[in-house]
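Descriptive structure summary
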Amino acid sequence: MPREAEPSLNEKQFVLQALQENLRLDGRELDQYRPLDLSFGDQYGVADVTLGRTRVLAKATAEVTVPYADRPLDGIFTIATELSPMTSPAFEVNRPTETEVLLSRLLEKTVRRSGALDTESLCLVAGQKCWSVRVDVHVLSHDGNLIDASCLAVVAALRHFRKPDTSMDAGVLTVYTPAEREPVPLSWLHSPFCVTWSFFGDEADIAVLDATWLEEQVRVGSCTISLNKHGEICQIAKLGGTPVDAVALLQCTSVALTKVKEFSDLLDTKLAEDLKRRDKGGFMAELRAENER
Amino acid sequence: MASDHLFVLPGETIDPALVPTHKKHPLRLGPGLRHIPPSDIVPTVAGQLITNPLKNSMWVEFNSQRYIPTTGDLVLATVTRNAPEAYLCSLSAYTPAATLPHLAFEGATKKTRPQLAPGQLVYARVALAHRHMDPELECVSAATGRADGLGPIAAGNGCVFDVSLGFARRLLMARSREDGGVGVLEMLAGQDPEVVVGGAGGGGGLAFETAVGRNGKVWVGSESAKTVVLVGRALQETDRARLGLEGQRRLVKRLLREMR
Amino acid sequence: MTATTAPEAALGILPRADGSAKYSHAGYTVTGSVNGPIEAQRRDEHAYEAHVDVIVRPAAGVGGTRERHLESILQSSLSQLILVKDFPRSLIQIVLQVENSPENDYVDTKLVQASLNFSIMPALLQTAVLALLSAAVPMRATATATAIAVAQQGDHKKTIIDPSPRDIETAHSVHVLAFTSHDELLLAESEGDFTVRDWDDVYETAKRICCRSARPKEGMAMVLDEDDVGGPDMRHFLQSTMESKVAADLHWK
């Protein structure tokens, strides 16, 4: 029996009343995101996203394994999102809730199915060896909008990640350790991001971006649009909820494009900063390795 | 009255010289301390040890987020459902429900008792809190039979904001600005000469009312939704950013500018 | 090559948890959250005490048997620290998320089926203790922990404090010990081949690291050099971290 934390009637009614006057409880505009912060860990492939009071940590890892029998020329790419009680005591380990299933499905469609990561480049020996890239998403704090934060974290982690270098010599595959050769980045095709709209009111006529946990309890419908900065849409998911006017939905999509361009710029900036920071450190690390040999 | 700032960790020994003594009153231990017979007093949390020689009491001052029901506390509860003879109310998320008897209201009889809907807010007092039992609430003083400001809060009026327990305690102090260092409510109500609000309330400030629950919940009610949001943001920001009085003044001025 | 970096901690970093802490030391970074006392599920509740539930999540991959083993060890240690009798039928939920483990650059690691390193246990316990203190869960005492490896150096054994993955590979045995603030042994786990003599040396070293007097008296400033222990002063670290947290909380006084 899962636990539930239900907000009071006052809170729910007030959130709606305030929205009807164009007010949000934290003073934001209806289409404004909370302060977004992205940072990388010391190891390659670790991305930490803070969106207001929501925090998501994504870690990308890779290992050599056998490819699937029906896809001998492709590598394996999986995204794991297991919510723990750290997210909220309402979640239990090994008991997927609707939130978890939806999150995992949306990330799957956005990042995997859209071909953001070139799985053919993960193949090492056709039918025998390939890379299995895995991204673990850990939600450290849940204050709404897990989808957008998780997607950004996953994409950031994958673009930051470096897999060990390999070489093929007369049928013998050599995988180099990080000490022998610098790891190489993944073959990345495009960066998709998710933008989730929440709808309020009997006619679902109030559209709001980046809902907090409280706003999510009050909303009558939500729509997640995944696209990249070129305007190529990966998926649009509106699962149930009050019907929304089609023209309004188109407007939401165009605002989403603006936000995605902002995300993309932020990610590029942060990656460049991280690279610069590592260049000084990376150089020293190489020296250290050579000395010890 | 308060002793020097003595920082304690759980399990530390307290210098017996610090323990107050009194000719008439027995020593009273407040939160954060436990008594190991015959004469050991040991802290159970990390905080500041405070002694009050006048009332012969001592406790550990600390801040936390999870409310543990204590008899006599004023709390803001949310009705979850109606049970025979009582309402089941939630004091905080993921904790057992507290019972509020149907007749624990001022002048209530079986026919004239207030009807509370699930989700409604109630300002009540903890009548019974024991670790082996679910807590019990009351909206009327057992001694006088009067409500003294307790009772249901009308639905559709205002909003509830979460704050830390230490901040709620400071708000509930008789002189919250002098003793607790919290002046935001006075500033917003126009009672601080250094902050000019220019609102509709008496004294040139904003018009609003509040109910503070020791369980970390503050209800803010007003005719204007903007006022409610403003007061709520001021309270939460003061709590989270740990602002002093000067910081609170700057915060109030900034919020008033933003929300004009 | 053991880099003795000082331990670092940040408290209250997860805004929605009752208590939280992020602790890093010797290459390990663990984030812990504590929620409680909250309502326990029927199957977990005890009539006279609180149920302490520890969940350990590795950074990558799904947790396996090793994580469950770590959880059960931590649960029995933490249940002794927390005053469980004060909250019958309740649940104290502790989740420890591993964010970073020191990597061995000379070995290709298998990550999906990788099990957590044994020597992550001190970091896990320390994070849990800090998170519990941050949540103000009533406790009997605090605890400090450390990991020590015993390796061969020439013809005699030497103890390595906070061993790196390289050290652990070449060591004979690895030990994790934790002491309460009353100088009692709380946890003692060992892996590998060792003699009773080895264990006694390890015990003495661990006690010196974990039980050094937290408040330095006058004239004690030079002790560190004489001691030749080289490890961090865990109790002092714990105390100074909590002292700054309490000072920040009670800024209004």
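- Naming follows an unreviewed UniProt entry, where chain C appears as Exoribonuclease phosphorolytic domain-containing protein of Thermothielavioides terrestris.
- Listed in UniProt under the heading Sequence similarities (unreviewed entry), the comment for chain C reads: "Belongs to the RNase PH family."
- Per UniProt, chain C has the following entry under Subcellular location (unreviewed entry): "Nucleus".

- Looking at an unreviewed UniProt entry, chain B carries the name Ribosomal RNA-processing protein 40, with the source organism given as Thermothielavioides terrestris.
- Under the heading Sequence similarities (unreviewed entry), UniProt records this for chain B: "Belongs to the RRP40 family."
- For chain B, the Subcellular location (unreviewed entry) comment in UniProt is given as "Nucleus, Nucleolus".

1. Considerations on the interface of chain B and chain C
- Each side of the interface is counted separately: chain B has 35 residues, and chain C has 38 residues.
- In total, chain B and chain C occlude about 3,000 Å² of area from one another, counting both sides; carbon and sulfur atoms represent 59% of this.
- Seen at the junction of chain B and chain C, the total is 4 salt bridges.
- Here B:Glu61 ties to C:Lys253 by a salt bridge, and the two come within 3.6 Å at their closest N and O atoms.
- On inspection of chain B and its partner chain C, the count reaches 7 residue pairs in polar contact (both at pLDDT 80 or more).
- At 3 residues, strand E5 (residues 47-52) of chain B tops the list of elements feeding residues into the side of chain B that touches chain C.
- A breakdown of the residues in the side of chain B that touches chain C according to their chemical character gives 15 nonpolar, 11 polar and 9 charged.

2. Observations concerning the UniProt feature "domain: Exosome complex exonuclease Rrp40 N-terminal" (unreviewed entry) in chain B
- According to UniProt, the positions carrying the feature "domain: Exosome complex exonuclease Rrp40 N-terminal" (unreviewed entry) are residues 27-66 of chain B.
- Helix makes up 0% of residues 27-66 of chain B and strand 52%, whereas the separation of the span's terminal C-alpha atoms amounts to 27 Å.

3. So, the interface of chain A and chain C
- With 35 residues of chain A in contact, the opposing surface of chain C contributes 37 residues.
- Taking both partners together, chain A and chain C bury about 3,200 Å²; carbon and sulfur atoms supply 49% of that area.
- Between the two partners, chain A and chain C, sit 3 salt bridges.
- Between C:Arg43 and A:Glu92 there is a salt bridge, with its nearest N and O atoms 3.1 Å apart.
- Here chain A is connected to chain C by 9 residue pairs in polar contact (both at pLDDT 80 or more).
- For the side of chain A that touches chain C, the secondary-structure elements that each account for two or more residues are strand E3 (54-65) and strand E6 (129-141) of chain A.
- The leading source of residues in the side of chain A that touches chain C is E3(A), at 7 residues.

4. Re the side chain of A:Ser132
- Among the secondary structure elements, A:Ser132 is positioned in strand E6.
- Ignoring sequence-local partners within four residues, the contact set of A:Ser132 consists of A:Thr61, A:Ala62, A:Glu63, A:Thr65 and A:Ile76.

5. Side note on helix H4 (residues 196-210) of chain C
Residue and element names in this part refer to chain C.
- Helix length check: H4, at 15 residues, gives a terminal C-alpha distance of 21 Å against a target of 21 Å (1.5 Å per residue), a fit within 8%.
- When we look at burial in H4, the residues that qualify are Asp198, Val202, Thr205, Ala206, Ile209 and Cys210. Seen from one end, H4 has its buried residues packed into an arc of 120°, which puts them on one side. Along H4, exposed side chains directed more than 90 degrees from the buried face belong to Val196 and Arg197.
- Along its buried surface, H4 packs onto strand E6 (143-153), strand E7 (156-161), strand E8 (173-180) and helix H6 (234-249).

6. With respect to the packing of helix H3 (residues 225-241) of chain B against helix H4 (residues 245-258) of chain B
Residue and element names in this part refer to chain B.
- The interhelical angle for the contact between H3 and H4, taken along N-to-C directions, is 145°, at an axis separation of 10 Å. Seen along the crossing, H3 lies across H4 with a hand that is right-handed. Seen from H3, the contacting residues are Leu230, Arg233, Ala234, Glu237 and Thr238; seen from H4, they are Gln248, Leu251, Arg254, Leu255, Leu256 and Glu258.
- For the contact of H3 with H4, a count of residues per class yields 5 nonpolar, 2 polar and 4 charged.

7. Quick notes on the packing of aromatic side chains
- By the definition in use, this model includes 5 aromatic pairs over all chains.
- Over the aromatic face of A:Trp213 sits the side chain of C:Arg16, whose NZ or CZ is 5.0 Å from the ring centroid.

8. Points about the pattern of salt bridges
- By the definition in use, this model includes 44 salt bridges over all chains.
- Here A:Asp268 ties to A:Arg159 by a salt bridge, and the two come within 2.8 Å at their closest N and O atoms. Here A:Asp268, found in helix H5 (residues 246-292), pairs with A:Arg159, found in helix H3 (residues 146-160); they are 109 residues apart in sequence, far enough to count as distant.
- A:Asp268 gets classed as partly exposed once you look at its relative accessible area, which sits at 28%.
- Look at A:Arg159 and you get partly exposed, because its relative accessible area is 23%.
- Residues C:Glu49 and C:Lys85 are paired through a salt bridge, measuring 3.0 Å at the closest nitrogen-oxygen approach. Of this pair, C:Glu49 sits in the loop between strand E3 (28-39) and strand E4 (51-57) while C:Lys85 sits in the loop between helix H1 (65-81) and strand E5 (90-100), and the two are 36 residues apart along the sequence.
- With relative accessibility at 28%, the residue C:Glu49 sits in the partly exposed group.
- Through salt bridges with shared partners, one network takes in A:Asp26, A:Arg28, A:Arg34, A:Arg53, A:Asp143, A:Asp210 and C:Arg16.

Rules behind the numbers
- Residues numbered from 1 in each chain as written.
- Chains lettered and ligands numbered in written order.
- Predicted model: local features only at pLDDT ≥ 70, side-chain atom pairs only at ≥ 80, totals over all residues.
- Heavy atoms only, no water.
- UniProt positions renumbered as here; feature names shortened; annotations may be inferred.
- Contact = heavy atoms within 4.5 Å.
- Buried area = accessible area lost by both parts, 1.4 Å probe.
- Salt bridge = Lys/Arg side-chain N within 4 Å of Asp/Glu carboxyl O.
- Polar contact = N/O pair within 3.5 Å; in protein donor to acceptor, adjacent residues only side chain to side chain.
- Helix = DSSP H or I, 4+ residues; strand = E, 2+ residues; numbered from the N terminus.
- Nonpolar A, V, L, I, M, F, W, Y, C, P; charged D, E, K, R; others polar.
- Expected span 1.5 Å × (residues − 1).
- Buried < 20%, exposed > 50% of the residue type's maximum accessible area, 1.4 Å probe, protein only.
- Arc of directions from axis to C-beta.
- Axes fitted to C-alpha atoms, helices over the stretch in contact; angles between N-to-C directions.
- Left-handed = near helix turned anticlockwise from the far one by under 90°.
- Phe/Tyr/Trp six-rings, centres within 6.5 Å; stacked < 30°, edge-to-face > 60°.
- Lys NZ or Arg CZ within 6 Å of the ring centre and 35° of its normal.

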